[in-house]
Amino acid sequence: MKMTNAFKATVAAAALVAGGAQAQEVEVLHWWTAGGEAAALNVLKEDLAGQDIGWQDMPVAGGGGTQAMTVLRARVTSGNAPTAVQMLGFDIQDWAQEGALANLNALAEENNWGEVIPDALQRFATYEDQWVAAPVNVHSTNWVWADASIMEELGLEQPQSWEEFVAALEAAKEAGYVALAHGGQAWQDATLFDAVLMATGGPEFYQKTMIDLDMEALGSDTMKQVFDRMATLRGFVDDNFSGRDWNLASAMVINDEAAFQMMGDWAKGEFLNAGQTPGEDFLCFRFPGTQDQVLFNSDQFAMFSQGEGVSDEQAALAEAILSPEFQIAFNKVKGSVPARTDLDVSELDACGQQGYAEYKAAAESGNLFGSMAHGHANPAAVKNAMYDVITAHFNGEYDAETAVQELQTAVEINAM
Ligand code: GAL
């Protein structure tokens, strides 16, 4: 068969794509595999497609990104780094320290990132005055997601204190509902721990224990009370909580099986993806006792050096991520708020607007803290060691006294 030029061009293009080396393409490693996350990620894929930039997807399932970081290390070790990687806080700093990330300073200066990205995020997006990642959003983790119909049925008001929250959990359990929808995975147990610690010891205690890694505070009676409260929460989860993915716990609240879920605001993406409306089908409120604080984490895309500095595709990806239009469109779906501080967020829903206002207020009042569970309080080695102690205690392997001792030991061994 005589091949026309057009047909030859089609074959050549197909070969390029098949070879995974399409002219303009980015390979992105991430862990956004839940429904709401995938919907949000689509916004980015479509944005790039509009610029004729292809997307080679490298999803690694596993909430909180632990599995993704393991796969990433294997990829980089074999000399095959992806174009860009979803990454949290201290992990970005670790890879930057290894010299693995591209210098985005030219882009940052051209687009004024320094003016529109808050210091709390620049602390992680830059390394030794070099921009190495493009911040996508700001999530916060000290939220409770509540089934509005169950609360109404039981005549429950929004709990304002630990005691009121426990009373609400008890009422839901007595009424035959799962009181607390939870997934028994270390990062999820740690997400609860962040909020309970902040509520129990307050911001100074959170700073001392999670960020300063102060041994005396880590071994204090207050820390024992934190673990005692974690044991109380353990009494409100269902028998099948172990290993459950976070989005399946969200589904229990969405489907009126459970009254509450404690989770970061990516959970809102699941409620929205299920067609639910905040304030009607579900309520969002800060974990009782942390109403004045915001525990945050930011999803950033770290750009891995592809040899000669920043590639055209990486530049296009980074500029797409930081564009005002994308920042609004993506965060509306994701459940987070924009990384940029110069945007009109009136398109966000009620929970998003509340989250954005509380984030800015917390930044102003010194009540904005990086989430330990999501890599924004201390280095990965310490975070992972804390995970092990918290989840061992939650699963009944340690009593509170032992957990406090194990936490001190874990930090002593792993803090740089
Ligand atoms: C967080 C991440 C969110 C979401 C969540 C659940 O660390 O920032 O975007 O992916 O994990 O996996």
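Cut-off values and rules
Residues numbered from 1 in each chain as written. Predicted model: local features only at pLDDT ≥ 70, side-chain atom pairs only at ≥ 80, totals over all residues. Heavy atoms only, no water. UniProt positions renumbered as here; feature names shortened; annotations may be inferred. Axes fitted to C-alpha atoms, helices over the stretch in contact; angles between N-to-C directions. Helix = DSSP H or I, 4+ residues; strand = E, 2+ residues; numbered from the N terminus. Parallel < 35°, antiparallel > 145°, perpendicular 65-115°, else oblique. Contact = heavy atoms within 4.5 Å. Nonpolar A, V, L, I, M, F, W, Y, C, P; charged D, E, K, R; others polar. pLDDT = per-residue confidence, 0-100. Buried < 20%, exposed > 50% of the residue type's maximum accessible area, 1.4 Å probe, protein only. Salt bridge = Lys/Arg side-chain N within 4 Å of Asp/Glu carboxyl O.

If you look the protein up in an unreviewed UniProt entry, it shows as Probable sugar-binding periplasmic protein from Citreimonas salinaria. Per its UniProt entry, the protein bears the Subcellular location (unreviewed entry) comment "Periplasm". Regarding the protein, the relevant UniProt record gives this comment under Sequence similarities (unreviewed entry): "Belongs to the bacterial solute-binding protein 1 family."

A. Just the packing of helix α15 (residues 312–322) against helix α16 (residues 324–334), in detail. Axis separation between α15 and α16 bottoms out at 5 Å; the angle between their running directions is 65°. Of the possible angle classes, the one that applies to α15 and α16 is roughly perpendicular. Of the residues in α16, those touching α15 at Ala320, Ile321 and Leu322 are Pro324, Phe326 and Gln327. In terms of residue class, the contact of α15 with α16 is made up of 5 nonpolar, 1 polar and no charged.

B. Representation of the confidence of the model for the protein in the model. Predicted confidence across the protein gives a mean pLDDT of 93, with 94% of residues reaching 70 or more. Below pLDDT 50 for its whole length, residues 7–21 participates in 9 contacts with residues either more than four positions away or in separate chains.

C. Region of interest: α16. For α16, the set of buried residues is Phe326, Gln327, Ile328, Phe330, Asn331 and Lys334. Directly after α16, the chain includes glycine 335, whose backbone phi takes a positive value near 95°.

D. Geometry of unusual backbone geometry. Even without being glycine, aspartate 52 reaches a positive phi, approximately 60°. Residue placement: aspartate 52 occurs in the loop between α2 (35–49) and β2 (54–59). Judged by relative accessible area, aspartate 52 falls into the exposed class, the value being 64%. One non-glycine residue, leucine 213, adopts positive backbone phi at about 55°.

E. Representation of the pattern of salt bridges. Throughout the structure, instances matching the rule amount to 9 salt bridges. Residue aspartate 228 is joined to lysine 224 by a salt bridge in which the shortest nitrogen-to-oxygen separation is 2.8 Å. Of this pair, aspartate 228 and lysine 224 both sit in helix α12 (residues 221–234), 4 residues apart, roughly one helical turn. Overall, the relative accessible area of 32% leaves aspartate 228 in the partly exposed class. On the basis of relative accessibility, which here comes to 26%, the residue lysine 224 falls in the partly exposed class. Two residues, aspartate 342 and arginine 340, come together in a salt bridge whose shortest N-O distance is 2.8 Å. Owing to a relative accessible area of 41%, aspartate 342 belongs among the partly exposed residues under this scheme. What makes arginine 340 buried here is its relative accessible area of 10%.

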